[in-house]
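# Remarks on the overall topology
The primary structure of each chain is shown beneath.
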Amino acid sequence: MSPLKGKHIILGICGGIAAYKSVSLLRLLVKAGAEVQVVITPAGKEFITPVTLSSLSQKPVVSEFFTANTGEWHSHVDLGLWADCMVIAPATASTLGKMAHGIADNMLVTTYLSAKSQVFIAPAMDLDMMAHPSTQANIESLRSYGNIIIEPESGELASGLVGKGRMEEPEKIVDVLEEYFSKSLDLIGKRVLITAGPTREKIDPVRFIGNYSSGKMGYSLAEKFASRGAQVTLVSGPVALKIDNPSVTLVKVESAREMLEACTHVFPDMDIAVMCAAVADYAPKDVAERKIKREHDDVPVIHLVKNPDIAASLGALKKDGQTLVGFALETDHEVENACEKLLRKNLDMIVLNSMRDKGACFGTDTNKVSIIASDGSRMDFGLKPKCEVADDIIDFIIGLRKKFMID
Ligand code: CTP
């Protein structure tokens, strides 16, 4: 049985030649047992008729905010709540731009902005439009908001030119949706602890020792674990990110000691713990009660003490059935250093980032990782958006737990 059976899917169609493929996509979705509501842009109707789409979906096609003769309002908010996912195929350059910038001047974009569930976007356009920096920047923004981009294929285009811009084939789009739904709830009942962001170690009331960690990797992991059914406790240092997910409990901390306390408190109940935070290794021995002033002739000296190692502390507490995952950010001897940390901290697996890889560092939206497990298995991944890296890490954890016969 298809994992799409009974799923509520919004199919968004924009005005491009590839709209003819949306008919096959709609047929395949309906055949798989999904309930599909088509939302089409005014330009989309120039390419494909609502009559065809409504006959196949067995629902009136939505395009305008109101039905002209009755004044009936089509609620994009209700649609957004109804849907288990939204797939926009084809997504034209213009609609990508509107979605990326919140220009809600048609029903498709307002529905997109109201959608609470996962959105899949399958762009289709001519190769030069696709390659244009503004299109690429819009795609990257949309990806960074958590949307899944189904990349176009290379091939012959409607213009007669050959290049990247052909909408992915309907069968492949259905594969992506099926994969998403088949693993979307594979972590129901699991409890997961994640640490994220930097820690701040106070020097005086206005200064601290910190680092450049943005928290993006940890927050992406929290979102992904939650979307796959887990109950997540996210212990986070100070970051500029927000998370609004009923399955994620956010515990805000500042220092490494506060992070350790929050983690040891919840760890006994956890199935999985992922140590993603960039914890300061040292903290000032004494915190000045008042702001350290400049008038002294001598340069002040800050004496440091070692901070607790949170991953190693949890490693010492770890019981059978618990999976402990660490990260290692290295500049040299990467694999050797990561393996040493894996052993020393009693981790089950470690996710290695190299500072030498472009796009795989603090503050970026992308990451390039290798995963090494305590049984010696290893997997190297290419440069990807952090939300996709999060899925790779979760898949690896699930695989490892199966191997260790935990689940
Ligand atoms: N970690 C931790 N507590 C610390 C330091 C690190 O929990 N005080 C965790 C990190 O969250 C990460 C792993 O340990 O999962 C490795 O962190 P990293 O900074 O690479 O290693 P360190 O042990 O700090 O070693 P070094 O700084 O010498 O590379």
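Summary of the structure given here. Everything numeric here is computed off the predicted structure, so don't read it as measured data.

### Some remarks on the overall build of the protein
Check the secondary structure of the protein and you find 13 helices and 21 strands. Along the first, second and third principal axes, the C-alpha set of the protein runs to 80 × 55 × 45 Å. Buried positions account for 50% of the 407 residues belonging to the protein. For the protein, contacts bridging at least 24 residues in sequence account for 67% of all contacts bridging at least 6.

### Some thoughts on the site of the ligand
Residues in close proximity to the ligand total 14 residues, the closest being Met275, Ala277, Ala311, Lys341 and Lys345. At 3.0 Å from a nitrogen atom of the ligand is found a main-chain nitrogen or oxygen belonging to isoleucine 310. Here the ligand, which alone exposes 560 Å², has 78% of that area covered by the protein. At the level of elements, helix H11 (310-317) and strand S16 (323-330) are the ones that each hand at least two residues to the shell around the ligand. If you tally residues by element for the shell around the ligand, the top one is S16, at four residues. Here the shell around the ligand is built from residues that sort into nine nonpolar, one polar and four charged.

### Here's the deal with the environment of isoleucine 302
Relative to the elements of secondary structure, isoleucine 302 occurs in the loop between strand S14 (282-284) and strand S15 (304-306). In this structure isoleucine 302 comes out as partly exposed when scored by relative accessible area, which is 41%. Placed 19 residues apart in sequence, isoleucine 302 and alanine 283 show a C-alpha to C-alpha distance of 9.3 Å. Apart from residues lying up to four places away in sequence, isoleucine 302 is in contact with Ile203 and Pro284.

### With respect to a nonpolar patch on the surface
The grouping of Phe66, Trp73, Val77 and Leu81 at the surface amounts to a nonpolar patch, some 420 Å² of accessible area in total. Looking at where leucine 81 falls in the secondary structure, it is placed in helix H3 (residues 76-82). When its relative accessible area of 55% is taken as the criterion, leucine 81 is described as exposed.

### A word on the packing of aromatic side chains
This structure, assessed with the given rule, holds two aromatic pairs. Between the aromatic rings of tyrosine 180 and phenylalanine 181, the centroid separation amounts to 5.0 Å while the plane-to-plane angle is 80 degrees, which identifies the pairing as edge-to-face. A relative accessible area of 18% places tyrosine 180 in the buried class. By relative accessible area, phenylalanine 181 is classed as buried at 10%. Among the aromatic residues, ring-to-ring pairing joins Phe120, Tyr180 and Phe181 into one connected group.

### Looking at the pattern of salt bridges
Applying the stated criterion across every chain yields a total of 21 salt bridges. A salt bridge links glutamate 330 to lysine 341, with the shortest nitrogen-to-oxygen separation between them at 2.4 Å. You can see glutamate 330 sitting in strand S16 and its partner lysine 341 sitting in helix H12 (residues 334-344), a full eleven residues away along the chain. Classification of glutamate 330 by relative accessible area gives buried; the value is 8%. The shortest N-O distance in the salt bridge between aspartate 375 and lysine 403 comes to 2.8 Å. Taken as a pair, aspartate 375 in the loop between strand S19 (369-373) and strand S20 (378-380) and lysine 403 in helix H13 (residues 386-403) lie far apart in primary sequence, 28 residues in all.

### Concerning unusual backbone geometry
The amide bond that connects alanine 89 to the next residue, proline 90, takes the cis arrangement and shows omega of 0 degrees. By secondary structure assignment, the location of proline 90 is in strand S3 (residues 85-91). Here asparagine 346, not a glycine, exhibits a phi torsion of approximately 55 degrees, which is positive. Take asparagine 346: it is sitting in the loop between H12 and strand S17 (349-354).

Reading the values: the criteria
Residues numbered from 1 in each chain as written. Predicted model: local features only at pLDDT ≥ 70, side-chain atom pairs only at ≥ 80, totals over all residues. Heavy atoms only, no water. Helix = DSSP H or I, 4+ residues; strand = E, 2+ residues; numbered from the N terminus. Buried < 20%, exposed > 50% of the residue type's maximum accessible area, 1.4 Å probe, protein only. Contact = heavy atoms within 4.5 Å. Near = heavy atom within 4 Å. Polar contact = N/O pair within 3.5 Å; in protein donor to acceptor, adjacent residues only side chain to side chain. Areas by Shrake-Rupley, 256 points an atom, 1.4 Å probe, with all protein chains shown as cover. Nonpolar A, V, L, I, M, F, W, Y, C, P; charged D, E, K, R; others polar. Patch = residues over 30% accessible without salt bridge, like charges linked within 9 Å, V, L, I, M, F, W, Y side chains within 5 Å. Salt bridge = Lys/Arg side-chain N within 4 Å of Asp/Glu carboxyl O. Phe/Tyr/Trp six-rings, centres within 6.5 Å; stacked < 30°, edge-to-face > 60°.

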